[in-house]
Amino acid sequence: MKNITLSANADLIEKARARAATEHTTLNAQFRMWLENYVQREQKSERTIETIRELQASIFSSGRKFSREEMNER
């Protein structure tokens, strides 16, 4: 594991440590979870956009506009 240094207001850090303690964890553990979620959110967004583009490429309507009834058919 690699160490990094972050800067924040001392009062904010103490409040965050106190909250982490009430959750039976540490500020470091909370930051690691946040960092993982932060990266995964971007990856999920990229996969979602890729899926949408793939679906758009597979839809062929010849420019025809569908009626409300046609779009809501099951």
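Every value quoted in this text rests on a predicted model; they were computed, and no experiment measured them. (Residues numbered from 1 in each chain as written. Predicted model: local features only at pLDDT ≥ 70, side-chain atom pairs only at ≥ 80, totals over all residues. Heavy atoms only, no water.)

Caption draft 1: Looking closely at a negative patch on the surface. A contiguous patch of negative charge on the surface is contributed by Glu42, Glu46, Glu50 and Glu54. Of note, Glu46 is situated in helix α2 (residues 27–58). (Patch = residues over 30% accessible without salt bridge, like charges linked within 9 Å, V, L, I, M, F, W, Y side chains within 5 Å. Areas by Shrake-Rupley, 256 points an atom, 1.4 Å probe, with all protein chains shown as cover. Salt bridge = Lys/Arg side-chain N within 4 Å of Asp/Glu carboxyl O. Lys, Arg positive; Asp, Glu negative; His and termini not counted. Charge placed at Lys NZ, Arg CZ, Asp CG, Glu CD. Helix = DSSP H or I, 4+ residues; strand = E, 2+ residues; numbered from the N terminus.)

Caption draft 2: Highlighting the confidence of the model for the protein. Averaged over all residues, the pLDDT of the protein equals 88, while 93% of them reach at least 70. Mean pLDDT across the secondary structure elements of the protein bottoms out at helix α3 (residues 68–71), with 83, and peaks at helix α1 (residues 10–22), with 97. (pLDDT = per-residue confidence, 0-100.)

Caption draft 3: Highlighting the pattern of salt bridges. For the structure shown, the criterion picks out 3 salt bridges. A salt bridge links Glu14 to Arg17; the nearest nitrogen and oxygen atoms lie 3.3 Å apart. Placement of the pair is Glu14 and Arg17 together in helix α1, with a separation of 3 residues, close to one helical turn. We note a salt bridge from Arg19 to Glu23, for which the minimum N-O separation is 3.0 Å. Relative accessible area serves as the criterion here: at 37%, Glu23 is assigned to the partly exposed category. (Buried < 20%, exposed > 50% of the residue type's maximum accessible area, 1.4 Å probe, protein only.)

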